[in-house]
Amino acid sequence: MGSRTSPVGQSITIRRTVARDARRLTRLVRGSGAYQGQYASAVAGYRVGPDYIEAHRSFVAVDGAEDGGRVLGFYSLVLAPPELDLLFVADEAQGRGIGRMLVEHMQAEARAAGLDRVRVVSHLPAEDFYHRVGAVRTGTARATPPAVPWDRPEFEFRIPAR
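These lines cover the structure that appears in this document, whether it is placed above or below. Owing to the predicted nature of the structure, the values given are computational and were not obtained by experimental measurement.

What to know about the environment of Phe155
By the element assignment, Phe155 lies in strand β8 (residues 152-158). Beyond its immediate chain neighbours, meaning those up to four positions away, Phe155 contacts Val118, Arg119, Val120, Ser122, Glu127, Tyr130, His131, Ala135, Val136, Arg137 and Thr138.

Written out as structure tokens, the structure reads:
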């Protein structure tokens, strides 16, 4: 857990998610502008529940105070096999460096867990973001209809030991 200042001078805290975050995270996922129109089926009915939070290493970025601050984004890291399962930044917070902060935090968590690589299957509109934050394209994840009827780019973060 730690507090940092975003590139626009806003104080951001990244902390471990807790069960009471579940509803806010679910709203963030379902309300994401990146999943409108043709992509809506991928998150329709999606739920980030307390059980998910308990089972995964997930962290939330909030503005200001740790508790009760506005949720700006979150990620979930699965350790076995290593995968960045979810990464979302609130639409109104995009372009402020929050996604990059979450990726850097995820990489530190992965390093601390002894991982040397983390896979991520990207949403098509997020492909450029993953390139910008250092992920390397490794292939294509095939469609899984009916929820995800399109192929998706697959990336890998290489986690150097420090």
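Some points on the packing of aromatic side chains
Here the structure, examined in full by the defined rule, presents seven aromatic pairs. Their ring planes at 35° and their centres at 5.7 Å tell us that Tyr35 and Phe88 sit as a pair that is tilted. You can see Tyr35 sitting in the loop between α1 (22-30) and α2 (50-55) and its partner Phe88 sitting in strand β5 (residues 82-89), a full 53 residues away along the chain. One exposure class covers both Tyr35 and Phe88, and it is buried. Each ring, one from Phe74 and one from Phe88, has its centre 6.0 Å from the other, and the planes form 10°; the classification is stacked. In this pair, Phe74 sits in strand β4 (residues 71-79) while Phe88 sits in strand β5, placing the two residues 14 residues apart along the sequence.

Let's talk about the environment of Arg162
Structurally, Arg162 can be placed in the segment after β8. Taking C-alpha positions, Arg162 is 30 Å from His123, a pair spaced 39 residues apart along the chain.

With respect to the layout of surface pockets
Rolling a probe over the atoms, with the probe sized like a water molecule, indicates the empty space that remains. Looking at the largest pocket, its volume works out to about 930 Å³. Elements that contribute at least two residues to the lining of the largest pocket include exactly β5, α3 (98-112), β6 (117-121) and α4 (127-132). Tallying contributions element by element places β5 first for the lining of the largest pocket, with seven residues. The residue inventory of the lining of the largest pocket, partitioned by class, reads 22 nonpolar, seven polar and eight charged. Considering only enclosed or pocket space, the second largest pocket measures out at about 170 Å³ in volume. For the second largest pocket, the full set of lining residues is Arg24, Arg27, Leu28, Gly31, Ser32, Arg70, Val71, Val89, Ala90, Asp91 and Glu92. Tallying contributions element by element places α1 first for the lining of the second largest pocket, with three residues. In terms of residue class, the lining of the second largest pocket is built from four nonpolar, two polar and five charged.

How each quantity is defined
Residues numbered from 1 in each chain as written. Predicted model: local features only at pLDDT ≥ 70, side-chain atom pairs only at ≥ 80, totals over all residues. Heavy atoms only, no water. Helix = DSSP H or I, 4+ residues; strand = E, 2+ residues; numbered from the N terminus. Contact = heavy atoms within 4.5 Å. Phe/Tyr/Trp six-rings, centres within 6.5 Å; stacked < 30°, edge-to-face > 60°. Buried < 20%, exposed > 50% of the residue type's maximum accessible area, 1.4 Å probe, protein only. 1 Å grid on protein atoms, 1.4 Å probe; cavity = no way out; pocket = protein on both sides within 12 Å on 5 of 7 lines; lining within 4 Å. Points joined across faces, edges and corners; volume = space filled by probe spheres on them. Nonpolar A, V, L, I, M, F, W, Y, C, P; charged D, E, K, R; others polar.

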